[in-house]
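Letter by letter, the chains look like this.
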Amino acid sequence: MGNKRILIVGLACLAFVSIVKALSHEPELGSARVVFQTSYGDIEFGFYPTVAPKTVEHIFKLVRLGGYNTNHFFRVDKGFVAQVADVASGRSAPMNEEQRNEAEKKIVGEFSDVKHVRGTLSMGRYDDPNSAQSSFSMLLGNAPHLDRQYAVFGKVTKGDETLSKLEEVPTRREGIFVMPTERITILSTYYYDTKMESCEEERSVLNRRLQASFVEVERQRMKCFP
């Protein structure tokens, strides 16, 4: 009887640990990476396509269209958020029709259980939960009060040192917003696919192996058929 109780307790503990792990498990990043080249350094981020598919599709399309080029971070609140301005109003360069049409789309609020921690990407919106467009925040600290209220769609993968630089920029307060006293410009953007990079590396290894094989075949040919 005692052994049965130990077994039951042990199984219950394992089940509890599994549940905790499942709840705390970070979602898988997709293979796409975006790099914002700012006046303070580069910031690279990836997406959570299984968590917020519509948001990811929208933001990534804007990136591919060059929508965030010449945009800026209009808000930098140390320990809280660095927020990118809406594309339609934040760019210094004019927009073409395709960019504007995509930038002005409203995206349904894809709220999830993914936590708002430093490096998280979270959509900005108005009171309407389905009013997100193209402004989003990069979290500079943990913000549990935003959980399930704002759509998390990715995270910063490289460039935390750049975020730290942004936190040191002089700011001023305007209402609820803490804003930098100088323009923090997104000079340009680019994107790449980590799977393609992996394929290129594998292709390079394969080519080296093939070349080595050709050399060996030629050596054997010369040895056997001089």
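Residues numbered from 1 in each chain as written. Predicted model: local features only at pLDDT ≥ 70, side-chain atom pairs only at ≥ 80, totals over all residues. Heavy atoms only, no water.

- Named according to an unreviewed UniProt entry, the chain is Cyclophilin-type peptidyl-prolyl cis-trans isomerase domain originating from Arabidopsis thaliana x Arabidopsis arenosa.

**Description of the overall build of the chain**
Item 1. Counting its regular elements, the chain contains 6 helices and 10 strands.
Item 2. The buried share of the chain, reckoned over its 226 residues, is 40%.
Item 3. If you sum the accessible surface of the chain, you get close to 13,400 Å²; carbon and sulfur atoms cover 57% of it. (Helix = DSSP H or I, 4+ residues; strand = E, 2+ residues; numbered from the N terminus. Buried < 20%, exposed > 50% of the residue type's maximum accessible area, 1.4 Å probe, protein only. Areas by Shrake-Rupley, 256 points an atom, 1.4 Å probe, with all protein chains shown as cover.)

**A word on helix α5 (residues 160-167)**
Item 1. If you check which residues of α5 are buried, you get Thr162, Leu163, Leu166 and Glu167. All buried residues of α5 project into a common sector of 150° when viewed along the axis, lining one side. (Arc of directions from axis to C-beta.)

**Quick word on the environment of Asp42**
Item 1. Assignment of secondary structure puts Asp42 in strand β2 (residues 41-47).
Item 2. By relative accessible area, Asp42 is classed as partly exposed at 37%.
Item 3. Between the alpha carbons of Asp42 and Leu187 there is a distance of 9.8 Å; along the sequence they are 145 residues apart.

**Some points on the pattern of salt bridges**
Working definition: two side chains of opposite charge can pair if their charged atoms are close together.
Item 1. For the structure shown, the criterion picks out 9 salt bridges.
Item 2. Among the ionic pairs, Glu168 bridges to Lys78, the shortest N-O distance being 3.2 Å. With a gap of 90 residues between them, Glu168 in the loop between α5 and β8 (171-174) and Lys78 in the loop between β3 (72-77) and β4 (81-84) connect regions that are remote in the sequence.
Item 3. Take Glu168: its relative accessible area is 54%, and that puts it in the exposed class.
Item 4. Lys78 sits in the exposed class, given a relative accessible area of 53%.
Item 5. Taken together, the salt bridges that share partners define one network made up of Lys61, Glu102 and Lys105. (Salt bridge = Lys/Arg side-chain N within 4 Å of Asp/Glu carboxyl O.)

**Regarding the sheet that holds β2**
Item 1. The strand order around the closed barrel built from 8 strands is β1-β2-β7-β5-β6-β4-β3-β10, with neighbouring strands paired in antiparallel fashion. Within this sheet the neighbouring strands show an average axis-to-axis angle of 35°, counted without direction.
Item 2. Pairing of strand β1 (residues 32-38) with β2, which is carried by 6 bridges, proceeds in the antiparallel orientation. Within β2, the position partnered with Arg33 by the bridge is Gly46.
Item 3. On top of the sheet, α5 reaches β1, β2, β3, β4, β6 (136-139), β7 (152-158) and β10 (184-193); it is set at about 120° to β2, its chief contact. (Pairing = 2+ DSSP bridges. Axes fitted to C-alpha atoms, helices over the stretch in contact; angles between N-to-C directions. Contact = heavy atoms within 4.5 Å.)

**Considerations on the pairing of β7**
Item 1. Bridge count for β2 against β7 is 4 bridges, and the pairing is antiparallel. What sits directly across from Phe47, in β7, is Gly154.
Item 2. Direction of pairing for strand β5 (residues 120-123) relative to β7: antiparallel, over a ladder of 3 bridges. Note that in β7 the partner of Leu121 across the bridge is Gly154.

**Notes on the environment of Gly124**
Item 1. The topology assignment puts Gly124 in the loop between β5 and β6.
Item 2. With 13 residues separating them in the primary sequence, Gly124 and Ser137 have C-alpha atoms 6.7 Å apart.
Item 3. Setting aside residues up to four positions removed in sequence, Gly124 forms contacts with Gln83, Ala132, Gln133, Ser135 and Phe136.

**Observations regarding helix α2 (residues 53-64)**
Item 1. Taking 1.5 Å of rise per residue, the 12 residues of α2 would be expected to cover 16 Å, and the 16 Å separating its terminal C-alpha atoms lies within 8% of that figure.
Item 2. Listing the buried residues of α2 in full gives Thr55, Val56, His58, Ile59, Phe60, Leu62 and Val63.
Item 3. Positioned one or two residues after α2, Gly66 has a phi angle of 80°, which is positive. (Expected span 1.5 Å × (residues − 1).)

**Looking at the confidence of the model for the chain**
Item 1. Residue-level pLDDT values for the chain average 87, and 76% of them are 70 or greater.
Item 2. pLDDT under 50 marks residues 13-24. Its contacts with residues more than four places away, or in other chains, come to 0 contacts. (pLDDT = per-residue confidence, 0-100.)

**Topic: unusual backbone geometry**
Item 1. The backbone phi angle of Thr70 is positive, close to 70°, even though this residue is not glycine.
Item 2. In this fold, Thr70 is placed in the loop between α2 and β3.
Item 3. For Thr70, a relative accessible area of 18% gives the class buried.
Item 4. Non-glycine residue Arg148 carries a positive phi angle of around 65°.
Item 5. As for its position among the elements, Arg148 is in the loop between β6 and β7.
Item 6. Taking the relative accessible area as the measure of exposure, Arg148 reaches 44% and is therefore partly exposed.

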